[in-house]
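# Descriptive structure summary
Given next are the chains, with one letter for each unit.
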Amino acid sequence: MKIKNEKGFTIVEILITFILVIILTVSMYSSVAAYKNKQQLESYREKIITYKNLLTKEIQDDLIMNELVQAQTSKSGNFFYVTMTFRNGTTKQLVVKRQLANETQDDSFMISYGGIDYPIPTFGSSKNEYNRKEEDFRINNIDINTNNQLLTIYIGFYHPNFSTRYAIDIVCPINFA
Amino acid sequence: MQKQKRNGFALAETVVVSVFVMAIFSMIYTNFYPLMGEYERRETYDDVDSKYASYWIKRLIQSDDFIFSTTTKNNINGSTAYQKITCNNTYFKGDKINLCNQLYQSFGVKNVYLITYNTQKFRTKVTSNPSSFSAGLEEYVLYLPNYSSPSLNNAKYRIIVEYQRTKDDNDYYAYSTIEVKRE
């Protein structure tokens, strides 16, 4: 008589395997979701740091290589201006705009240096109570002054997910000799 | 009677394989985890802000208003191996004292160590007297190369600057080094 082939999984084995796989998947889901969220935040953080470092380096390069001899600061409405004069006679202007959303306008931020725009990275937005756009990543505060022969440029950024406030923070002696 | 077929793994085999796999995973974990911490620490070494701040401190020390006394030189080149530079009339004269104070405050400078271009002597000093220096400085000095080849700019000295910063509401130290050309 031919012996019946009885190889294969029993229903109990399959059930146990399914249950184990489901338990593993469920237990891993929350940690995978957390990692995905963390990865997204890290990519935001990287973009912010790259942006900050790029602009900081552009300004610092001029301050170091061309030597700042004069700096004038002014403010008009939502615009902040710094006009820097270097030892070789050239001038460059840093313009920062910080318009926060209100009843009639959306958030609007802008930084330009030496006539070149440095668009601020965007990471999504929400609406205020007047249905105006509020960016998640915004210029939080600006402090630009020239006290005691020292030019101080502080442009602080804010993102709700980062307790650390990233900033362009440049200090430079004026007419250092 | 037909002999019952007993395909499958014995308990001993399963246990051996499980222990082997667990041993491999724990080895990977113990080797990988410290690397993450080290990476995070090194984020605070020679970043763009610290390097820029160190440049201005170097300019202060290279200026004519820096008092580079024989005592300072002897301390750096002798067994002391370093000199802490502070903003007072021991090291600076004229307007530079005030400028030094402003820069130290603006950049969050905690300590400035003026040492020889080659870091070997200072490294030995820090590692043999850990209680005199912060743990962060010791790690940074161990991370730095010796700079055993002469400077391309003929610099004889360098500064190591320790900055106090805040991140996620926690204070931490950042470090940066730059060569100093001074006779």
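Below: a short report on this structure. As the structure is a prediction and not an experimental result, all values here were calculated from the model. (Residues numbered from 1 in each chain as written. Chains lettered and ligands numbered in written order. Predicted model: local features only at pLDDT ≥ 70, side-chain atom pairs only at ≥ 80, totals over all residues.)

All right, on to the overall build of chain B then. Secondary structure assignment for chain B yields six helices and four strands. Taken from the N to the C terminus, the helices and strands of chain B come in the order α-α-α-β-α-β-α-α-β-β. The C-alpha radius of gyration of chain B comes to 26 Å, more than 25% above the 16 Å expected for a compact globule of 183 residues. Per-residue burial for chain B yields a buried fraction of 27% across its 183 residues. Excluding contacts between residues fewer than 6 apart, the proportion of contacts in chain B whose partners are at least 24 apart in sequence is 74%. (Helix = DSSP H or I, 4+ residues; strand = E, 2+ residues; numbered from the N terminus. Rg over C-alpha atoms; globule rule 2.2 N^0.38 Å. Buried ≥ 20, exposed ≤ 12 C-beta atoms within 10 Å, placed from the backbone. Contact = placed C-beta atoms within 7 Å.)

For the rest of this paragraph, the subject is the sheet that holds strand β8 (residues 138-147) of chain A. Sheets are built from strands that pair by backbone hydrogen bonding, the pairs being arranged parallel or antiparallel. Residue and element names in this part refer to chain A. On the basis of which strands lie adjacent, the open sheet formed by three strands has the order β8-β9-β10 and antiparallel pairing. On the outer flanks of this sheet lie β8 and β10 (167-173), each paired with one strand and no other. In this sheet, adjacent strand axes meet at a mean angle of 5 degrees when their direction is disregarded. Each of β9 (150-158) and β10 touches helix α1 (residues 11-67); the most contacted strand, β10, lies at about 15 degrees to it. (Pairing = 2+ DSSP bridges. Axes fitted to C-alpha atoms, helices over the stretch in contact; angles between N-to-C directions.)

With that settled, consider unusual backbone geometry. We note that N131(A) has phi near 65 degrees; this positive angle belongs to a residue other than glycine. In this structure, N131(A) sits in the loop between β6 (125-127) and β7 (133-135). Of the residues examined, N131(A) has 9 C-beta atoms within 10 Å and is grouped as exposed. Phi at A81(B) takes a positive value of approximately 75 degrees, unusual for a residue other than glycine. For A81(B), the position within the fold is in the loop between α3 (70-77) and β1 (83-84). The class of A81(B) is buried, set by 21 C-beta atoms lying within 10 Å.

Taken residue by residue, the interface counts 14 residues in chain B and 14 residues in chain A. Residue assignment for the side of chain B that touches chain A shows that the elements contributing at least two residues are α2 (48-62) and α4 (95-107) of chain B. Sorting elements by how many residues they give to the side of chain B that touches chain A places α2(B) first, with six residues. Tallied by class, residues from the side of chain B that touches chain A come to seven nonpolar, two polar and five charged. (Nonpolar A, V, L, I, M, F, W, Y, C, P; charged D, E, K, R; others polar.)

For the rest of this paragraph, the subject is helix α6 (residues 135-143) of chain B. Residues and elements named next belong to chain B. Of the residues making up α6, those classed as buried are L137, Y140 and V141. Mapping the buried residues of α6 onto a view down its axis gives an arc of 100 degrees, with all of them on the same face. Residues of α6 that are exposed and point over 90 degrees away from its buried face: A135 and L142. Taken together, the buried residues of α6 touch α5 (120-128), β3 (157-167) and β4 (170-180). (Arc of directions from axis to C-beta.)

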